[in-house]
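Structural features, examined
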Amino acid sequence: MSVDSEIQYAPARLDLAGKVALVTGGTRGIGRGIVLAMAAAGAKVIVSGRDRSNAEDVVAATRKVGTEGDLVVCDLFDDDAVDTLISDTVALAGKLDILVNNAGIDADGPMIDYDLETWRRVIRFDLEVPMRLSQQAARHFVANGGGSIVNIASVLSQVAVAEAGAYTPAKHGVLGLTRTMALELGKQGVRVNCVAPGLIQTDMTNNLWGSEAGMAYARDRIPCGRIGQPRDIGGAVVFLASEAADFIHGQVIVVDGGSLAT
Ligand code: NDP
């Protein structure tokens, strides 16, 4: 047996050169950070989101780190767009190796009078859309020798906070979806895992960053002493999508500055 065959975590195993990745919600926030990390690891990354100008800006940034990205502009509340995003990506890039289900929304509120339409909207966007995209990607992967799905969940896939509305149930569901699909697809060469970010400074959490009280609240909840940034999430995604993680199925990497450890 050669020494090489004993080493799973050599740097080359983190190389995504030759891979095509689709990142939903890649136009800003955590998604943009993931796109850039994957591009830096060598992947051709297809950026999806509604905002063409932001998507073009991210694609231009991928060129600066040495790879050619591309974009698919779509609204994932549009059923037709959900049904065609994977095939559109394959048509654009020639293949697909990695799906990152990152796009997400939230809508806070106490459950006792949480609006049913809002509940349906959040569950649909944060749980049903990743499920449907994963189904289609998995079919492509099974037919083409394998692939990897990385779902962006949240620390709220494992714990709850009061008044986060449908977001916590949806993110718990993302963890369940990850485990279910991992069990069903592992033998067919498809790995499904998720990354669970803690508080990250993006538009989604904008309500915190405008005031000293909000900043202090965030800092108090993060043991490592700083607020998470979009660039903090990409490393875990690259790792899970890479060959270095070949034996990792149905798992979650928490990236939260230590908040779940308390
Ligand atoms: P942002 O609100 O900053 O960005 C959301 C992304 O989703 C944007 O790229 C946006 O693109 C895209 N998006 C929103 N609505 C639609 C739509 N209808 N159709 C297509 N794309 C859409 O969110 P974050 O970057 O903060 O969050 C990214 C992921 O990380 C989410 O799944 C979130 O739940 C999760 N997360 C975030 C945390 C945080 O503290 N920020 C913590 C834990 C998890 P565009 O506007 O171009 O459509």
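Provided above is the structure to which this section pertains.
It should be emphasised that the depicted structure is a prediction, and the values quoted were computed from it without experimental measurement.

Calculation rules
Residues numbered from 1 in each chain as written. Predicted model: local features only at pLDDT ≥ 70, side-chain atom pairs only at ≥ 80, totals over all residues. Heavy atoms only, no water. Near = heavy atom within 4 Å. Polar contact = N/O pair within 3.5 Å; in protein donor to acceptor, adjacent residues only side chain to side chain. Areas by Shrake-Rupley, 256 points an atom, 1.4 Å probe, with all protein chains shown as cover. Helix = DSSP H or I, 4+ residues; strand = E, 2+ residues; numbered from the N terminus. Nonpolar A, V, L, I, M, F, W, Y, C, P; charged D, E, K, R; others polar. Buried < 20%, exposed > 50% of the residue type's maximum accessible area, 1.4 Å probe, protein only. Contact = heavy atoms within 4.5 Å. Salt bridge = Lys/Arg side-chain N within 4 Å of Asp/Glu carboxyl O. Pairing = 2+ DSSP bridges. Right-handed = clockwise from strand over helix to strand, strands pointing away.

**Here's the deal with the site of the ligand**
Lining the immediate surroundings of the ligand are 29 residues, of which Arg-50, Asn-102, Tyr-167, Ile-200 and Thr-202 lie closest. Take Gly-25: an N or O atom from its main chain is 2.9 Å from an oxygen atom of the ligand. Taking Ile-30, its main chain carries an N or O atom lying 2.8 Å from an oxygen atom of the ligand. For the ligand, the protein covers 95% of the area, taking 890 Å² as the surface of the free molecule. Of all elements in the fold, only helix 1 (29–40) and helix 5 (167–185) reach the threshold of two or more residues within the shell around the ligand. Residue composition of the shell around the ligand, by class: 13 nonpolar, ten polar and six charged.

**Digging into the environment of Ile-105**
In this structure, Ile-105 sits in the loop between strand 4 (98–101) and helix 4 (116–143). By relative accessible area, which is 23% here, Ile-105 ends up partly exposed. Sequence-distant contacts of Ile-105, that is, excluding residues within four places in its chain, are made with Phe-77, Arg-121, Val-122, Phe-125, Asp-126, Tyr-167 and Met-204.

**Examining the side chain of Ser-148**
Of note, Ser-148 is situated in strand 5 (residues 147–152). Using a relative accessible area of 4% as the deciding quantity, one classes Ser-148 as buried. Not counting chain neighbours up to four residues away, the residues in contact with Ser-148 comprise Asp-97, Ile-98, Leu-99, Phe-141, Arg-191, Leu-240 and Ala-241.

**Digging into the pattern of salt bridges**
On inspection of all chains with the given rule, the structure shows 13 salt bridges. A salt bridge links Arg-132 to Asp-79; the nearest nitrogen and oxygen atoms lie 2.7 Å apart. Note that Arg-132 is positioned in helix 4 and Asp-79 in helix 3 (residues 79–93), a separation of 53 residues in sequence. Among the residues examined, Asp-79 registers a relative accessible area of 37% and is labelled partly exposed. A salt bridge links Asp-232 to Arg-226; the nearest nitrogen and oxygen atoms lie 2.8 Å apart.

**Remarks on the pairing of strand 5**
Strand 5 sits mainly inside the fold: six of its six residues count as buried. Covered by surrounding structure in strand 5 are Gly-147, Ile-149 and Asn-151 together with Ser-148, Val-150 and Ile-152, the residues of both alternating faces. Pairing between strand 4 and strand 5: four bridges, direction parallel. Its bridge partner lying in strand 5, Ile-98 is registered against Ser-148. In this view, the connection linking strand 4 to its parallel neighbour strand 5 by way of helix 4 has right-handed handedness. Here strand 5 runs beside strand 6 (residues 190–197); their pairing, made up of six bridges, is parallel. Residue pairing across strands places Asn-151 opposite Cys-194, the latter belonging to strand 6. With helix 5 bridging strand 5 and the parallel strand 6, this β-α-β connection has right-handed handedness.

Take it as geometry only, folks, not as evidence of what the structure does.
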